[in-house]
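Structural description and commentary
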Amino acid sequence: MGFMTSPASDSMKEIIERLDQRIQTVDEERWLSSRYADDQARHALIVLYAFYYELARVRVVVTDQTMGQIRFQWWRDALRELEQGAPRQHDVVLALAPRVLERKVDPTELAEIIDHHEAAFLSEDRSAEPEGRLAVSATRILGDSADGIDAIAEEWAALRRGEAPARSQPKMRIRSTVRPAVAHFRLRHAWKKGRKLTALQKRLSVLCAMLTGRV
């Protein structure tokens, strides 16, 4: 089915490094924010984003709804087996296992993310993808929360896709504790103006959000 597998001999460090490189490639904005977290939190964020990416890419790798549902069910089964102490030989699943044990990520929240991704896939409506839920889960990894961050996440995602958001969200100032999970949302202000940022400008924008808390 094309899932990423991991040799049993690979260390967790090697798995995390692979996932980190992958998120840097496919989800650079979130990856940039995660750089400002401590090692433990950064690794947990990267694993969460890698899990989300595996679900998001279903719409790209399959067009048949039945095949898509099979993939989503694979992840439900993998989560259930993980909770039973028998994680599948897959980079993301193996990396999730200790984060679930440490309660850095909640398997119930992960299951809800699967459900919402499947619904978005079946309805062919990307605006229904659970960007808000992902943002909330990311802030919880850092041991805090930010009211209204789910709505900002949905606006940010729409703008990144090149779509007009359903509703414009006001600027927001966030506490320092959660900034490594949400600093990239500051990019939405440039995207609203139709600006295409260079790699350096993206990094400066995320840095500014980390320093000021304004997203």
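Read on for a plain summary of the structure.

What counts as what
Residues numbered from 1 in each chain as written. Predicted model: local features only at pLDDT ≥ 70, side-chain atom pairs only at ≥ 80, totals over all residues. Heavy atoms only, no water. Helix = DSSP H or I, 4+ residues; strand = E, 2+ residues; numbered from the N terminus. Rg over C-alpha atoms; globule rule 2.2 N^0.38 Å. Buried < 20%, exposed > 50% of the residue type's maximum accessible area, 1.4 Å probe, protein only. Phe/Tyr/Trp six-rings, centres within 6.5 Å; stacked < 30°, edge-to-face > 60°. Lys NZ or Arg CZ within 6 Å of the ring centre and 35° of its normal. 1 Å grid on protein atoms, 1.4 Å probe; cavity = no way out; pocket = protein on both sides within 12 Å on 5 of 7 lines; lining within 4 Å. Points joined across faces, edges and corners; volume = space filled by probe spheres on them. Nonpolar A, V, L, I, M, F, W, Y, C, P; charged D, E, K, R; others polar. Contact = heavy atoms within 4.5 Å. Patch = residues over 30% accessible without salt bridge, like charges linked within 9 Å, V, L, I, M, F, W, Y side chains within 5 Å. Areas by Shrake-Rupley, 256 points an atom, 1.4 Å probe, with all protein chains shown as cover. Salt bridge = Lys/Arg side-chain N within 4 Å of Asp/Glu carboxyl O. Lys, Arg positive; Asp, Glu negative; His and termini not counted. Charge placed at Lys NZ, Arg CZ, Asp CG, Glu CD. Expected span 1.5 Å × (residues − 1). Arc of directions from axis to C-beta.

Another aspect to go through is the overall build of the protein chain. For the protein chain, the helix and strand inventory stands at 12 helices and zero strands. In sequence order, the protein chain lays out its α and β elements as α-α-α-α-α-α-α-α-α-α-α-α. Over its C-alpha atoms the protein chain spans a radius of gyration of 17 Å, differing by no more than 12% from the 17 Å that the globule rule assigns to 215 residues. Reported as C-alpha extents along the three principal axes, the dimensions of the protein chain are approximately 45 × 35 × 30 Å. Within the protein chain, buried positions represent 50% of all 215 residues.

Attention now moves to the packing of aromatic side chains. Under the criterion given, the structure shown has five aromatic pairs. Ring centres of Phe72 and Phe121 lie 5.8 Å apart, and the angle between their planes is 65°; on these two criteria the pair is classed as edge-to-face. With a gap of 49 residues between them, Phe72 in helix H5 (residues 65-83) and Phe121 in helix H7 (residues 107-123) connect regions that are remote in the sequence. One exposure class covers both Phe72 and Phe121, and it is buried. Taken together, the ring pairs connect Phe51, Trp74 and Trp75 into an aromatic cluster. Geometry around Trp74 places Arg88 over its ring, the cationic atom sitting 4.8 Å from the centre.

Now for empty space enclosed by the protein. Applying the stated criterion across every chain, the model contains one cavity of 30 Å³ or more. Each pocket or cavity is described by its volume, and for the largest cavity that value is around 40 Å³. In terms of lining, the largest cavity is formed by Arg30, Tyr49, Glu131, Leu134, Ala135, Ala138, Ala153, Ala181, His184 and Phe185. Per-element accounting of the lining of the largest cavity gives the leading share, four residues, to helix H8 (residues 131-141). Looking at side-chain class alone, the lining of the largest cavity contains seven nonpolar, one polar and two charged residues.

Here the focus is H8. In terms of residue burial, H8 counts as a mostly covered element, since eight of its 11 residues are buried. On the buried face of H8, the contacting elements are helix H2 (28-34), helix H3 (39-56), H7, helix H9 (149-160) and helix H10 (179-182). Positive phi shows up at Gly143, right after H8, with a value of about 80°.

On the surface, Lys171, Arg173, Lys193, Arg195 and Arg214 cluster together to form a positively charged patch. Note that Lys193 resides in the loop between helix H11 (187-192) and helix H12 (199-212).

At 3.6 residues per turn, the α-helix brings residues three or four places apart onto the same side. Between its first and last C-alpha, helix H1 (residues 12-26) extends 21 Å over 15 residues, near the 21 Å set by a 1.5 Å rise per residue. Listed as buried for H1 are Ile15, Ile16, Leu19, Asp20 and Ile23. For H1, the buried positions fall inside an angular range of 135° around the axis, keeping them on one side. Among the exposed residues of H1, those pointing more than 90 degrees away from its buried face are Lys13, Gln21 and Thr25.

Time to look at the side chain of Ser205. Checked against the element boundaries, Ser205 lands in helix H12. Excluding residues that lie within four positions of it along the chain, Ser205 makes contacts with Arg186 and Leu187.

Per the stated rule, a full pass over the model turns up 25 salt bridges. Residue Asp91 pairs with Arg18 through a salt bridge whose shortest N-O separation is 2.9 Å. In this pair, Asp91 sits in helix H6 (residues 91-101) while Arg18 sits in helix H1, placing the two residues 73 residues apart along the sequence. Among the ionic pairs, Glu129 bridges to Arg126, the shortest N-O distance being 3.2 Å. The network of salt bridges with shared partners includes Asp27, Glu28, Glu29, Arg30, Glu131, Arg160, Lys202 and Arg203.

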